[in-house]
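# Descriptive structure summary
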Amino acid sequence: MAVNDHLAHVSDTLFTTGIATYALAMVGYTAEYAFGRRGRVASTSTSAAFAPARVLVGAGGPELDADATPDEATVADIESAISGVDSGLDRGESATSDVDDAAEHIDTTEPPAAAGRRSREALGPRLGRAAVGITIVGLALHLAAIIVRGFAVDSVPWSNMYEFASVVGFIAVVAFLVVMVRAPQIRYLGVFVMLPVVIVMFLAGTVLYSQASPLVPALQSYWLAIHVTAAATAEGILMTSSVLTLFYLIRRRYEVRTAAGQSVRFPISIGPKLPSIATLDKVAYRTAAFAFPISTFGIICGAIWAEAAWGRYWGWDPKETWAFISWVVYAAYLHARATAGIRKWAPWINLLGFAAMTFNFFVVNIVISGLHSYAGLN
Amino acid sequence: MTITANDSLRLLRRLWWRLISMRTALILLFLLAVAAVPGSLLPQRSLNASKTESYIASHGAWGRLLDHLGMFDVFASTWFAAIYLLLFISLIGCLVPRIKQHAKALRAKPLPAPKNLGRLPESGSFETAASAQEYATSARAALGRRWRVERRQEKAGVVTLSAEKGYSRETGNLVFHVALLVALIAIAVGRLYTYTGTRVVLPGSIADQGFCANAIFQYDSWQPGRLAEAGDVKPAPYCFGLTDFSASYNDAGEPLKFTANVTYQKASGGPIEKHRITVNNPLRIDGDRVYLISHGFAPQITVTMPDGSTQTSVEPFVPTDPATYLSEGAFKFHGPSGEKKDIGIEGFFAPTPVAEGGGAIGDTTAVTSASPKPDNPVLGVTVYTGDLGSQTQSIYSLDQAQKDSGALSKFGGANLREGQTLTISNGVKVRFDGWTQWAALQISHDPSQIYLLVAAAAMVVGLISSLFVRRRRLWLRITPATSGRDPSPTVVWIGGLARSDSGNFTEEFAGLLERLRQAGPPVEPALRGADDVAVRKE
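Residues numbered from 1 in each chain as written. Chains lettered and ligands numbered in written order. Predicted model: local features only at pLDDT ≥ 70, side-chain atom pairs only at ≥ 80, totals over all residues. Heavy atoms only, no water.

## What to know about a positive patch on the surface
A contiguous patch of positive charge on the surface is contributed by A:K344, B:R14, B:R18 and B:R23. Looking at the element boundaries, B:R23 is found in helix α2 (residues 22–41). Residue classification places B:R23 among the partly exposed positions, given a relative accessible area of 46%. (Patch = residues over 30% accessible without salt bridge, like charges linked within 9 Å, V, L, I, M, F, W, Y side chains within 5 Å. Areas by Shrake-Rupley, 256 points an atom, 1.4 Å probe, with all protein chains shown as cover. Salt bridge = Lys/Arg side-chain N within 4 Å of Asp/Glu carboxyl O. Lys, Arg positive; Asp, Glu negative; His and termini not counted. Charge placed at Lys NZ, Arg CZ, Asp CG, Glu CD. Helix = DSSP H or I, 4+ residues; strand = E, 2+ residues; numbered from the N terminus. Buried < 20%, exposed > 50% of the residue type's maximum accessible area, 1.4 Å probe, protein only.)

## Describing the domain arrangement of chain B
In terms of domain boundaries, chain B breaks down into domain 1 (5–105), domain 2 (112–165 + 470–527), domain 3 (189–295 + 442–456) and domain 4 (296–437). Summarising the inter-unit geometry, the C-alpha centres of domain 2 of chain B and domain 3 of chain B are found 66 Å apart. (Domains from an automatic or database assignment.)

## Section: helix α13 (residues 318–337) of chain A
The end-to-end C-alpha distance of α13(A), which contains 20 residues, comes to 28 Å, matching closely the 28 Å that a straight helix rising 1.5 Å per residue would cover. The buried count for α13(A) comes to 20 of 20 residues, which makes it a mostly enclosed element. (Expected span 1.5 Å × (residues − 1).)

## Let's talk about the packing of aromatic side chains
Using the criterion set out here, one finds 34 aromatic pairs over all chains in the structure. A ring pair is formed by B:F317 and B:F331, whose centres lie 5.6 Å apart and whose planes are at 50°; its orientation type is tilted. With B:F317 in the loop between β12 (310–314) and β13 (318–319) and B:F331 in strand β14 (residues 327–333), the pair connects residues that are 14 residues apart, well separated along the chain. Residues B:F317 and B:F331 agree in their burial class; the two are buried. Clustering of aromatic rings is evident, with ring pairs tying together B:Y195, B:F211, B:Y219, B:W222, B:Y238, B:F240 and B:Y264. A cation sits over an aromatic face here: A:R337 above A:Y285, 4.0 Å from the ring centre. (Phe/Tyr/Trp six-rings, centres within 6.5 Å; stacked < 30°, edge-to-face > 60°. Lys NZ or Arg CZ within 6 Å of the ring centre and 35° of its normal.)

## Observations concerning the pairing of strand β18 (residues 378–386) of chain B
Residue and element names in this part refer to chain B. With eight of its nine residues buried, β18 lies for the most part within the structure. Sheet topology places strand β15 (residues 342–350) next to β18; nine bridges connect them, and they run antiparallel. What sits directly across from D342, in β18, is G386. (Pairing = 2+ DSSP bridges.)

## What to know about the interface of chain B and chain A
Listed per partner, the contact involves 77 residues of chain B and 78 residues of chain A. A combined buried area of about 6,100 Å² lies between chain B and chain A, and 64% of that area is made up of carbon and sulfur atoms. For A:E307, the salt bridge is made with B:R284, and the minimal N-O distance between the two is 2.8 Å. Put simply, chain B and chain A have 11 residue pairs in polar contact (both at pLDDT 80 or more) between them. Looking at the side of chain B that touches chain A residue by residue, the class counts come to 43 nonpolar, 16 polar and 18 charged. (Contact = heavy atoms within 4.5 Å. Buried area = accessible area lost by both parts, 1.4 Å probe. Polar contact = N/O pair within 3.5 Å; in protein donor to acceptor, adjacent residues only side chain to side chain. Nonpolar A, V, L, I, M, F, W, Y, C, P; charged D, E, K, R; others polar.)

## As for the packing of α2(B) against helix α5 (residues 78–107) of chain B
Residue and element names in this part refer to chain B. Contact geometry of α2 with α5 gives a least axis separation of 9 Å together with a crossing angle of 155°. Our classification of the angle between α2 and α5 gives roughly antiparallel. Read as a crossing pair, α2 and α5 show a hand that is left-handed. Here α2 contributes A25, L28, L29, L31, L32, A35, A36 and P38 to the contact with α5, which in turn contributes W79, F80, I83, Y84, L86, L87 and S90. The residue makeup of the contact of α2 with α5, split by class, is 14 nonpolar, one polar and no charged. (Axes fitted to C-alpha atoms, helices over the stretch in contact; angles between N-to-C directions. Parallel < 35°, antiparallel > 145°, perpendicular 65-115°, else oblique. Left-handed = near helix turned anticlockwise from the far one by under 90°.)

## Digging into the confidence of the model for chain A
Residue and element names in this part refer to chain A. Per-residue confidence for chain A averages 76 on the pLDDT scale, and 74% of its residues sit at or above 70. Contacts from residues 37–90, a stretch scored under 50 in pLDDT, to residues over four places away or in other chains number 137 contacts. This model gives residues 92–120 a pLDDT under 50, and the stretch forms 57 contacts once residues within four places in sequence are excluded. (pLDDT = per-residue confidence, 0-100.)

## What about the packing of helix α3 (residues 49–58) of chain B against helix α4 (residues 60–68) of chain B?
Residue and element names in this part refer to chain B. Two elements in contact, α3 and α4, have axes separated by 6 Å at closest approach and are oriented at 130°. In terms of orientation, α3 lies oblique with respect to α4. Between α3 and α4, the residues in contact are I56, A57 and S58 and G60, G63, R64 and D67, respectively.

## Some points on the nonpolar core
Judged by nonpolar contacts, the single largest core of 157 residues is most densely connected at A:Y29, B:F80, B:F240, B:V290 and B:I443. Per-domain counts for this core show at least three residues from each of domain 1 (5–105) and domain 3 (189–295 + 442–456) of chain B. The contact partners of A:Y29, leaving out residues within four places of it in the chain, are A:G128, A:A131, A:V132, A:T135, A:F176, A:M180, A:R187, A:Y188, A:G190, A:V191 and A:M194. Grouped together as the second largest cluster of nonpolar side chains are 24 residues, B:F126, B:Y135, B:L161 and B:A519 included. (Core = buried A, V, L, I, M, F, W, Y, C linked by side-chain atoms within 4.5 Å.)

## Here we look at the pattern of salt bridges
Opposite charge on two side chains permits them to pair, given that their charged atoms come into close proximity. Residue and element names in this part refer to chain B. Within the structure shown, the criterion is met by 24 salt bridges over all chains. A salt bridge links R473 to E164, with the nearest nitrogen and oxygen atoms 3.1 Å apart. Here R473, found in strand β22 (residues 472–479), pairs with E164, found in strand β3 (residues 159–165); they are 309 residues apart in sequence, far enough to count as distant. One exposure class covers both R473 and E164, and it is buried. What you see here is one network of salt bridges that share partners, running through R45, E53, D67 and D73.

Shown next, in the form of structure tokens:
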């Protein structure tokens, strides 16, 4: 039960080194982003009209809307099959217009690599690949910091805001690496994932930092490992999803404006550097859909734990209330994305859900007092 | 223009369709999220009644307006209930037709194969040396049990197979939403049957300091649900006693463990059993749960009257500082009524006393506590005599009205260490004998929570299958071999369609195509035309 100060110190050092390593990786991603990219996407984009859609396959596969632009002679029952595209609780509205929607979403031209960049093309991807390597090193340091902290406090190391933020950052990086395995063409966007991670970890290590300390009796439960792990995992993945959603919105705005012949300014101007709108839409949705059951499971585990620790499974403690709010908003996201006509709002709902979750972490922990006041900031 | 019954029926129908539309459902979901916000930002009666009252008092008309709107009881307010009830009606309106439709789909045969499979999002073809009928049989076998397959015979010996899988996606979807409804019903039923009672217990035997759960008047606080309020539901007649409470702290005064050892008796005259209740381990007994929810110190004093008679009392003190357990409380000794010789003692208890300004602690130094871990504690007493007033008052303090009116007059006070005695001018002696620790036990009852847990588990399972199961359709069109002038082997066309956007259908389809190609013997090279390839991927 005693805290091992020496180990805690080792953990802090690993944590700081981890941040520095992530920052270095961020420089690599930024370089790749800045120097342009060649990657397989751009190099294959001219080979066939549908090539990008096929490349998406690498991103986790096409859904109907990516490929469902069949010729005019579609047989009646295929049409009916298409119109039955399954989607959440679609209430019959998703219907055929999904296909029209799809046409609008399909983006057949990945931004081609700019001409005359050939000499630098090699440098960008090289730096990007190096950045991935550095990220993995940072991840190993980060993991070591978390594990050593666990030994130092002799329990699962995510019982206060510092430790929790550290774990969320860890999961976000893992989620990004996993997405990258499925869709390597988004590698150069690493900077936009690493930046929030580094910021969160920097905040964790500075304002949120708390000395390694033993667990208060209410936290001495195996549910700490289950409930908080589920919450941190969901949050980390949803953080990645929100970044991808942001890209999606930028890319969509970029396309609307350029199609109308309007000029674009930062941040919309990064549009051409982003992956296709279909890829972003899909990857953002997939990550959120993956995190949602985890988040649901985490909330349910919290209720089971609360029943044992506080005498009731649900009591509208501020943390519980905001978990409920975030859950409802993400549920709305899943429904909106599955419903034609409302689908265009879905990305905003995703961002709103992430905002609610972030509010729950920072504001509810720091400003509003409740039973979940374990921030360790006093 | 007159409104006919038909018109109003049409209007009702329109309203109903509007209510069960996804757009309305989404708006209601948003309203639900927004409505919950004030519940977390404003103090809530259910969580902290005194904080709520002081908030209303300090915000004047604004506070009263918010109170009138139910902003301090958000989760019990009519408008919050209206939103979720509408949402659930909308959900039911949407679920019922979908359940019917799905039940039909589960029984229905997969759709007939389209004429031209090459136009499907995924398609491919190959040739096989097997006959159309043979190949259809082995292809059926190759697909395996996960596919529902319908074999059809068309003109000119053409055989088609229509295969479909992933029905559990919609099943999961429906299970999730039905479980959500069941969860709400379980919560509502639980609300009817629930009760919660808390009581502060001092160490001692069941008969001496304990209490029986069904003696509702004994609770310090009692929050009944509707049926418990009407007296239709109440705890079983088991009784409790606290053997001891212990808390352990580290050197910094941070708590490590709280333990309450209790004895209980399920029926009077029955065996007395022992149990150890800790923060995460309530005692589950007769459908109730008994929790250790708080604790504190209970100092013991002996008062010696001028005539030599003594009275001893142990009183629970309330912690006023949760970090250091500096606590406050009172002792009350009622004399013969009407004689105004009651003795009232107000005091504080500092587990690890420190002088507020630093330095040594004298008789009248202002004292605070540095840690909840007892280290030569100090009991500060202020002694009053006179008339304590009515019996129905807080046990933790003297009646301020009696003090203000002069019915109780102050006779003296001091900081006492264990064993020290204060003698006041009227000859009364107050001795600080020692201290013990009390525990507050909470009896909770909610018979529906186990059903809620089952519903919640069903929700997760349903959710996972509704998000991750892949709905797929596959058609095979097998044209039999022809001989004669233009001979050709059996040709198989395969088309596939992903009906849900999870997974990578292109890869899946490529794998399926390969598997189905291997289901039939390849065409002998001699039979094959020069420009034919075994597999054509469109």
